[in-house]
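Per-entry structural report
Listed below are the residues making up each chain.
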Amino acid sequence: MTHVTPARKQSGTSLYGGTSSRRITVRDIAAAKERGEKWPMLTAYDAMTASVFDQAGIPVLLVGDSMGNCHLGYESTVPVTMDEIALLSAAVVRGTRRSLVVGDLPFGSYQEGPVQALRNATRLVKEAGVGAVKLEGGERSADQIELLVQSGVPVMAHIGLTPQSVNAYGGYPVQGRGEEAAQQLLRDAKAVQDAGAFAVVLELVPAELAAEVTRSLHIPTVGIGAGPDCDGQVLVWTDMAGMTDGRVPRFVKQYAQLRQGLGDAARAFAEDVVGGAYPAEEHSFH
Ligand SMILES: Nc1nc(=O)c2c([nH]1)NC[C@@H]1CN(c3ccc(C(=O)N[C@@H](CCC(=O)O)C(=O)O)cc3)CN21
Ligand SMILES: CC(C)C(=O)C(=O)O
Ligand SMILES: [Mg+2]
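Cut-offs used in this document
- Residues numbered from 1 in each chain as written.
- Chains lettered and ligands numbered in written order.
- Predicted model: local features only at pLDDT ≥ 70, side-chain atom pairs only at ≥ 80, totals over all residues.
- Heavy atoms only, no water.
- UniProt positions renumbered as here; feature names shortened; annotations may be inferred.
- Pairing = 2+ DSSP bridges.
- Helix = DSSP H or I, 4+ residues; strand = E, 2+ residues; numbered from the N terminus.
- Axes fitted to C-alpha atoms, helices over the stretch in contact; angles between N-to-C directions.
- Contact = heavy atoms within 4.5 Å.
- Near = heavy atom within 4 Å.
- Polar contact = N/O pair within 3.5 Å; in protein donor to acceptor, adjacent residues only side chain to side chain.
- Areas by Shrake-Rupley, 256 points an atom, 1.4 Å probe, with all protein chains shown as cover.
- Nonpolar A, V, L, I, M, F, W, Y, C, P; charged D, E, K, R; others polar.

The name that an unreviewed UniProt entry assigns to the protein is 3-methyl-2-oxobutanoate hydroxymethyltransferase, with the source organism given as Streptomyces demainii. The heading Subunit (unreviewed entry) in the UniProt record of the protein holds the text "Homodecamer; pentamer of dimers." Recorded in UniProt under Pathway (unreviewed entry), the annotation for the protein is "Cofactor biosynthesis; (R)-pantothenate biosynthesis; (R)-pantoate from 3-methyl-2-oxobutanoate: step 1/2."

Printed below as a string of structure tokens:
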């Protein structure tokens, strides 16, 4: 047995553990909400990692602008460009067969208005082959979402903490605390649903509020630091796998310690080279 079937399976239609081998679509995501099914989403920034998650059955992969700090060495997501998102999105699509690939529109690629948003979203669909795009903002981005959806580009919205606004926040504070902020979050959620988004990320909001938003929408919510009652949960893969250098946000659960493991492998290789143990006879040609 080389193939391990994921634990939760059967129906053939469930997002995680389903038996269908065709690519997941936004219709499958909508159907999962009707069944009350919870589902996982991870970021991916390259074909190799994406193929691991695809084969693990992760139904939705986000080519997040978190590539800025996680993959490209920037301080934040702010400097990430369309060229970078397009290049890495194409790699993630090439590395996958079943996962729905969502391309994150970077800062500055949709704020000018719906036409700019459509131009850049179209580029990710045509050039990279993504099945959907994501952009940040609720009421403030509703016009962009509406034009994209009317044009045939599925949109995942993202409200609560929107990291592209880090310079305006002065950090990454929890959102939606207090009655006024909670009402704004509910309005943002309703606005993106009405604009036609197929799902909405809720980032860093109180669990009770995220639960209320999830109950009040017919589209799925995807939580990150938003408690257990969202329809989906997303994490940055390097955080989830213990690959991120330094501190990770409190909402992260680490399921492996890849940074330690990869460092150990590099040190073992180095020791072997310096000590003459590698290459050995079986690695040599005559
Ligand atoms: N590696 C990584 N993981 C992420 O989840 C992530 C990124 N990068 N880059 C883009 C944004 C930035 N995000 C962040 C960054 C920091 C916190 C953070 O430190 N939050 C505090 C809580 C703040 C508060 O209490 O007000 C924490 O302790 O988790 C949260 C989300 C989420 N995204
Ligand atoms: C954390 C997710 C939602 C994201 O936007 C990203 O990784 O860029
Ligand atoms: Mg992002």
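1. A few points about the sheet that holds strand E7 (residues 221-224)
Taken in spatial order, the eight strands of this closed barrel run E1-E2-E3-E4-E5-E6-E7-E8, and their pairing is parallel. In this sheet, adjacent strand axes meet at a mean angle of 25° when their direction is disregarded. Here helix H4 (residues 82-94) sits on the sheet and contacts strand E2 (60-63) and strand E3 (100-104); the angle it forms with E2, its principal contact strand, is near 155°.

2. Quick word on the site of ligand 2
Thr43, Leu62, Gly64, Asp65, Ser66, Asp104, Lys134, His158, Val201, Ile224 and Val236 make up every residue found near ligand 2. The contact in question runs from an oxygen atom of ligand 2 to an N or O atom on the side chain of Ser66, over 2.5 Å. With respect to ligand 2, the side chain of Asp104 contributes an N or O atom lying 3.0 Å from an oxygen atom. In the complex, 95% of the free accessible area of ligand 2, which totals 260 Å², lies under the protein chains. Tallied by class, the residues present in the shell around ligand 2 amount to four nonpolar, four polar and three charged.

3. Some words on the site of ligand 1
Around ligand 1 lies a shell of 17 residues, among which Asn69, Glu203, Asp239, Arg247 and Arg250 are the nearest. Within the side chain of Arg247, a nitrogen or oxygen atom sits 3.0 Å from an oxygen atom of ligand 1. In this structure, Arg250 approaches ligand 1 through a main-chain N or O atom, which is 2.9 Å from an oxygen atom. Grouping the constituent residues of the shell around ligand 1 by class yields 11 nonpolar, two polar and four charged.

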